[in-house]
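An overview of the molecular structure
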Amino acid sequence: MGDLFVWLIAFFILIALLVIVIFQLMALADLEFDYINPYDSSSRINKVILPEYITEGVLCLFFLITGHWCMSLLCIPYLYYNVRLYTQRQHLVDVTEIFNMLSWEKKQRLFKLGYLIVLLFLSIFWMIFAALEDSDYD
């Protein structure tokens, strides 16, 4: 039963990460279609960058603590990329360069979205597997 709760917590953490990345993509799309000015768009994106990085780190640590080594190993490349961006001070969106980097920023977040969707499907699979395994013992 405990394993099922672990997967439920991981599921909700992944949903939170997906919401953050989709919010960033929506802000970039609003900027692209000229619904919002560059300052507002970059300030909205920059407000959620650190919570995204912290949440991904918590998820990776959560998988390590609970003993799900494969899922933790799958989270490490995304975590490494975020840490590398943060240490090189390239994690924030620059308001003066946002139009020049718009396609790159969108590609980056679409790749993150795809990566998180794969992790979400794996998490759902293991959550269903744990629920079925628990029902076999009852």
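Residues numbered from 1 in each chain as written. Predicted model: local features only at pLDDT ≥ 70, side-chain atom pairs only at ≥ 80, totals over all residues. Heavy atoms only, no water.

So, the UniProt feature "transmembrane region" (unreviewed entry) in the protein
Look at the UniProt record and you will see "transmembrane region" (unreviewed entry) annotated at residues 53-81 and 113-132. Helix and strand shares over residues 53-81 are 93% and 0% respectively, and the end C-alpha atoms of the span are 10 Å apart. This span, residues 113-132, is 100% helix and 0% strand, and a straight line between its end C-alpha atoms measures 28 Å. (UniProt positions renumbered as here; feature names shortened; annotations may be inferred. Helix = DSSP H or I, 4+ residues; strand = E, 2+ residues; numbered from the N terminus.)

Some thoughts on the environment of Met 26
The topology assignment puts Met 26 in helix α1 (residues 2-32). Met 26 gets classed as partly exposed once you look at its relative accessible area, which sits at 49%. In sequence terms Met 26 and Ile 128 are 102 residues apart; their C-alpha atoms lie 31 Å from each other. (Buried < 20%, exposed > 50% of the residue type's maximum accessible area, 1.4 Å probe, protein only.)

Description of the packing of helix α2 (residues 38-66) against helix α3 (residues 69-87)
Look at α2 against α3: their axes get within 9 Å of each other, and the N-to-C directions meet at 150°. Classified by the angle between their axes, α2 and α3 sit roughly antiparallel to one another. The handedness of the crossing between α2 and α3 is left-handed. Contacts between α2 and α3 involve Leu 50, Glu 52, Tyr 53, Glu 56, Gly 57, Leu 59, Cys 60, Phe 63 and Leu 64 from the first element and Trp 69, Met 71, Ser 72, Cys 75, Ile 76, Tyr 78, Leu 79, Asn 82, Leu 85 and Tyr 86 from the second. (Axes fitted to C-alpha atoms, helices over the stretch in contact; angles between N-to-C directions. Parallel < 35°, antiparallel > 145°, perpendicular 65-115°, else oblique. Left-handed = near helix turned anticlockwise from the far one by under 90°. Contact = heavy atoms within 4.5 Å.)

Some details on the nonpolar core
Trp 7, Leu 14, Leu 59, Phe 63 and Leu 116 are the most contacted members of the largest nonpolar core, which totals 24 residues. Those elements that provide at least two residues to this core are α1, α2, α3 and α4 (102-137). Those residues in contact with Leu 116, other than ones at most four positions away along the chain, are Leu 14, Leu 17, Leu 18, Val 21, Glu 56 and Tyr 78. (Core = buried A, V, L, I, M, F, W, Y, C linked by side-chain atoms within 4.5 Å.)

Looking at α1
Helix length check: α1, at 31 residues, gives a terminal C-alpha distance of 45 Å against a target of 45 Å (1.5 Å per residue), a fit within 8%. Of the residues flanking the end of α1, it is Asp 34, one or two places downstream, whose phi is positive at about 65°. (Expected span 1.5 Å × (residues − 1).)

Considerations on α3
The end-to-end C-alpha separation of α3 is 26 Å, in line with the 27 Å expected for 19 residues at 1.5 Å each. Largest kink in α3: about 30°, centred on Ile 76, with the proline Pro 77 one to four residues after it. Listing the buried residues of α3 in full gives Met 71, Ser 72, Cys 75, Tyr 78, Asn 82 and Leu 85. Immediately beyond the C-terminal end of α3, within one or two residues, lies Arg 89, with a positive phi of roughly 60°. (Bend = angle between axes of the 7 residues up to and from the residue.)

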